[in-house]
Amino acid sequence: MRGLLCWPVLLLLLQPWETQLQLTGPRCHTGPLDLVFVIDSSRSVRPFEFETVRQFLMGLLRGLNVGPNATRVGVIQYSSQVQSVFPLRAFSRREDMERAIRDLVPLAQGTMTGLAIQYAMNVAFSVAEGARPPEERVPRVAVIVTDGRPQDRVAEVAAQARARGIEIYAVGVQRADVGSLRAMASPPLDEHVFLVESFDLIQEFGLQFQSRLCVRDLCNGVDHGCEFQCVSEGLSYHCLCPEGRQLQADGKSCNRCREGHVDLVLLVDGSKSVRPQNFELVKRFVNQIVDFLDVSPEGTRVGLVQFSSRVRTEFPLGRYGTAAEVKQAVLAVEYMERGTMTGLALRHMVEHSFSEAQGARPRALNVPRVGLVFTDGRSQDDISVWAARAKEEGIVMYAVGVGKAVEAELREIASEPAELHVSYAPDFGTMTHLLENLRGSICPEEGISAGTELRSPCECESLVEFQGRTLGALERTSANPNGLLNRSLAQLTARLEDLENQLANQK
């Protein structure tokens, strides 16, 4: 167990557990936070055990800085059904919350944990229930306390909740299933999964949880200026950038595509073979692409189209002018399911998505038009006509395949050379390694030649750099099936040839 950050450990351990939680209160003032407790009150939780949970909640409340502009608290309980004990908007005084918790009557039925997570995501954390709007960037935290194995599926709905920005702590007591706890919790799991032997020991989680809330205070209490994320570390903090982007010299901002005049339309496969939890990963992947783009009306414009048996424009090129707006719209996209009509999607993109009515800039401005198709399987209609038409229209096409995606179709969709415009991942969980290829293609200055001084390739430093980059590329691709190693080597060769041409032009 980690030491507490807000109070001497020894003094805390010498106190009764409820007193321990109270003692941290005056010394630990969290920033704005929307906090929802999701409490298992199934029949397996015996009356005296539920009483311990009740006391745990009240003790934890006494250590929180509760208020409309500070921490808002909601409580839901669940068994075979879900019941709101009180929503985030209900109380601003700790005494009122404690009174509602004292009056709480257990439901004493089954254990539908997935249903409870879905309720928390769709209802408890809604603005109508008192959660602050997403644009205010107030952290949303759910604490799930359970003592058994869920009787429904939790992985998919928990992934959806995390994708919507809800940080999940999973607390298991006695008979709780560790696998289910890990499926629910946010990463890193060692900081979000807790398993205690009995309800009497649940205060151990309470103490650690409060210490983490104290850590939040530094980033929330100062004007840190971090572009993407602020991370507290004891008495200091540092800024982080999304995967694939680097922190700049100012320690706050993240690098972006500097050649930012692009109209980019993303075609995302929403067929039933993708499955809901994987579709959430796809949305997260799309937002990681957005993170390295300079999104603005004058820079990069982004549009999103989802396809299955039909095609739906989620948002056109001209709708959003900032990366934050685009990412929020991506998270709000609902999964379509059904078939895989990739050809129909390509036709829609050519005929509609790149029209000026949808926000594309006039051809006379020579703004590059880029289409990126994301799919996990074989198309159920013909793609050849509209794949060719897209390239005839001057659209630079990229194809990203996952799982059972057909290589021949990916290569037919993509622009030439295919080695630079086709990417593949064996499963949805390994997609992030594709970001480097896409960044190197869409943002040429971020590729292999990024930041490399054009010096003689025979110099010692050049040979060492070449060896390091080549070995790194081989390590990233050695595990990929279906000839991916050959394609990655071809991609590496193409980029090296481009570098050689640059060197030749400087002579």
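What you are looking at is a predicted structure, and each value in this text was computed from that prediction instead of being measured.

A. How the structure looks around the sheet that holds strand 6 (residues 193–196). Spatially, the six strands line up as an open sheet ordered 3-2-1-4-5-6, and their pairing is mixed. Strand pairing shows two members of the sheet lacking a second neighbour, strand 3 (82–86) and strand 6, which therefore form its edges. For this sheet, the mean inter-axis angle between neighbouring strands, taken without regard to orientation, is 20 degrees. Relative to strand 4 (residues 140–146), strand 1 (residues 33–40) runs parallel, the two sharing six bridges. Bridge pairing links Phe 37 to Val 143 in strand 4. The sheet contacts of helix 5 (residues 113–124) involve strand 1, strand 2 (71–78), strand 3, strand 4 and strand 5 (166–173), and relative to strand 2 the element is tilted by about 145 degrees.

B. Region of the structure containing the state of the cysteines. The final tally for this structure, using the stated rule, is one disulfide. Residue pairing for Cys 226: its cysteine sulfur links by disulfide to Cys 239, the two sulfurs lying 1.9 Å apart. Taking the sign of the S-S torsion, -70 degrees for the link of Cys 226 and Cys 239, the bridge is left-handed. Placement of Cys 226 in the loop between helix 9 (203–221) and strand 7 (229–233) and of Cys 239 in strand 8 (residues 236–240) is noted, with a sequence separation of 13 residues between them. When sorted by exposure, Cys 226 lands in the same class as Cys 239, which is buried.

C. Geometry of the side chain of Arg 132. Relative to the helices and strands, Arg 132 is located in the loop between helix 5 and strand 4. The exposure class of Arg 132 is buried, given its relative accessible area of 6%. Side-chain polar atoms of Arg 132 contact the side chain of Asp 34, separated by 2.6 Å. Excluding its chain neighbours within four sequence positions, the residues that come into contact with Arg 132 are Pro 32, Leu 33, Asp 34, Pro 68, Asn 69, Ala 70, Thr 71, Arg 72, Val 138 and Arg 140.

D. Region of interest: the sheet that holds strand 14 (residues 422–425). With mixed pairing, the six strands of this open sheet are ordered in space as 11-10-9-12-13-14. The sheet is open, and its two edges are formed by strand 11 (311–315) and strand 14, each paired on a single side. Strand after strand, the sheet turns through a mean of 20 degrees between neighbouring axes, direction not considered. Pairing analysis gives six bridges linking strand 9 (residues 262–269) to strand 12 (residues 369–375), with the strands arranged parallel. Residue Leu 264 lies in a different strand from strand 12, and its bridge partner there is Val 370.

E. Structural context of the environment of Ala 185. Here Ala 185 lies in the loop between helix 7 (178–184) and helix 8 (189–192). Put simply, Ala 185 and Ala 142 are 43 residues apart on the chain and 9.5 Å apart in space, counted from C-alpha to C-alpha. Not counting the four nearest positions on each side in its chain, Ala 185 is found in contact with Arg 162, Ile 168, Ala 170, His 192 and Val 193.

What counts, and at which threshold
- Residues numbered from 1 in each chain as written.
- Predicted model: local features only at pLDDT ≥ 70, side-chain atom pairs only at ≥ 80, totals over all residues.
- Heavy atoms only, no water.
- Pairing = 2+ DSSP bridges.
- Helix = DSSP H or I, 4+ residues; strand = E, 2+ residues; numbered from the N terminus.
- Axes fitted to C-alpha atoms, helices over the stretch in contact; angles between N-to-C directions.
- Contact = heavy atoms within 4.5 Å.
- Disulfide = S-S within 2.5 Å.
- Buried < 20%, exposed > 50% of the residue type's maximum accessible area, 1.4 Å probe, protein only.
- Polar contact = N/O pair within 3.5 Å; in protein donor to acceptor, adjacent residues only side chain to side chain.

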